[in-house]
Amino acid sequence: MLRHVTNRIFGQGLRSPTAPAPLRMYHERVVDHYNNPRNVGSFDKNDPNVGTGLVGAPACGDVMKLQIRVDDESGKIVDACFKTFGCGSAIASSSVATEWVKGKQMEEVLSIKNTEIAKHLSLPPVKLHCSMLAEDAIKAAVKDYEKKRPKSDDAPLEKATGA
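Described below are features of the structure shown in this document.

Criteria and thresholds
- Residues numbered from 1 in each chain as written.
- Predicted model: local features only at pLDDT ≥ 70, side-chain atom pairs only at ≥ 80, totals over all residues.
- Heavy atoms only, no water.
- Pairing = 2+ DSSP bridges.
- Helix = DSSP H or I, 4+ residues; strand = E, 2+ residues; numbered from the N terminus.
- Axes fitted to C-alpha atoms, helices over the stretch in contact; angles between N-to-C directions.
- Contact = heavy atoms within 4.5 Å.
- Patch = residues over 30% accessible without salt bridge, like charges linked within 9 Å, V, L, I, M, F, W, Y side chains within 5 Å.
- Areas by Shrake-Rupley, 256 points an atom, 1.4 Å probe, with all protein chains shown as cover.
- Salt bridge = Lys/Arg side-chain N within 4 Å of Asp/Glu carboxyl O.
- Buried < 20%, exposed > 50% of the residue type's maximum accessible area, 1.4 Å probe, protein only.

**Topic: the pairing of strand E3 (residues 77-85)**
For a regular strand, side-chain orientation follows a simple rule: the groups alternate between the two sheet faces. Where strand E2 (residues 62-70) lies against E3, eight bridges are found, and the strand directions are antiparallel. Paired with Val-70 across the two strands is Ile-77, which belongs to E3. The loop that links E2 with its antiparallel partner E3 comprises six residues; one of these, Gly-75, has a positive phi angle of about 75°.

Following this line, the structure appears as structure tokens:
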């Protein structure tokens, strides 16, 4: 029953061969990341090489946890994962965000903007908050990681935000 309802929402419901194709409410990239999310899971939040970002949108009830694992020596994000409770757009935004942060330096991921995620997924204006959550989750994960590190003068988050 749930799959039938989900398929109807995403425009993949049962229809006769002669019936016109229904209007798809989500772009195919959203449907792909929803049906086949990348990097679902979680890391040990107490691991000093893991940063955890937990963000939510009270207006719609979406909650997103995005985690990054950083290599101490290179400063690169070597792995990322997420768990999201929310709509298809929120899940797709989380999935895209984890793909985009892998292999990048901390400074690079802080430049990922919600508008880029929204454009990639072709999110409608009413779903832009989902891509904003993904951007906020990335920043929160970086901040959490840096909070665990010994103090230094060249923290990426402080550079990017001008703090």
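**Remarks on the sheet that holds strand E1 (residues 50-57)**
Taken in spatial order, the three strands line up as E1-E2-E3 in an open sheet, and their pairing is antiparallel. On the outer flanks of this sheet lie E1 and E3, each paired with one strand and no other. With direction set aside, neighbouring strand axes in the sheet form an average angle of 15°. Across the sheet, helix H3 (residues 88-101) lies against E2 and E3, angled at about 175° from E3, the strand it touches most.

**Some details on the side chain of Ser-94**
Tracing the backbone shows Ser-94 in helix H3. With residues up to four places along the chain from it excluded, the contact list for Ser-94 reads Met-64, Leu-66, Phe-82 and Thr-84.

**Some points on a nonpolar patch on the surface**
Together, Leu-54, Val-63 and Phe-85 make up an exposed nonpolar region whose accessible area comes to about 330 Å². Checked against the element boundaries, Phe-85 lands in strand E3.

**Some thoughts on helix H2 (residues 28-35)**
Among the residues of H2, Val-30, Val-31 and His-33 are the ones counted as buried. On its buried face, H2 sits against H3 and helix H5 (114-121).

**Topic: the pairing of E1**
Counting buried positions over the eight residues of E1 gives six, a clear majority of the element. Between E1 and E2, which pair antiparallel and follow one another directly, the connecting turn spans four residues, one of which, Gly-61, has a positive phi of 90°.

**Comments concerning the pattern of salt bridges**
Applying the stated criterion to the full structure yields seven salt bridges. Put simply, Glu-99 and Arg-38 hold a salt bridge, and the shortest N to O gap is 3.5 Å. A residue pair is termed long-range when its members are at least 10 positions apart, and Glu-99 in helix H3 and Arg-38 in the loop between H2 and E1 qualify at 61 residues. Overall, Glu-99 belongs to the partly exposed group, its relative accessible area being 35%. Salt-bridge contacts for Asp-79 lead to Lys-102; the nearest nitrogen and oxygen are separated by 3.5 Å. In this pair, Asp-79 sits in strand E3 while Lys-102 sits in the loop between H3 and helix H4 (106-109), placing the two residues 23 residues apart along the sequence. Asp-79 sits in the partly exposed class, given a relative accessible area of 24%. Among the ionic contacts, a cluster of salt bridges with common partners joins Asp-32, Arg-38 and Glu-99.

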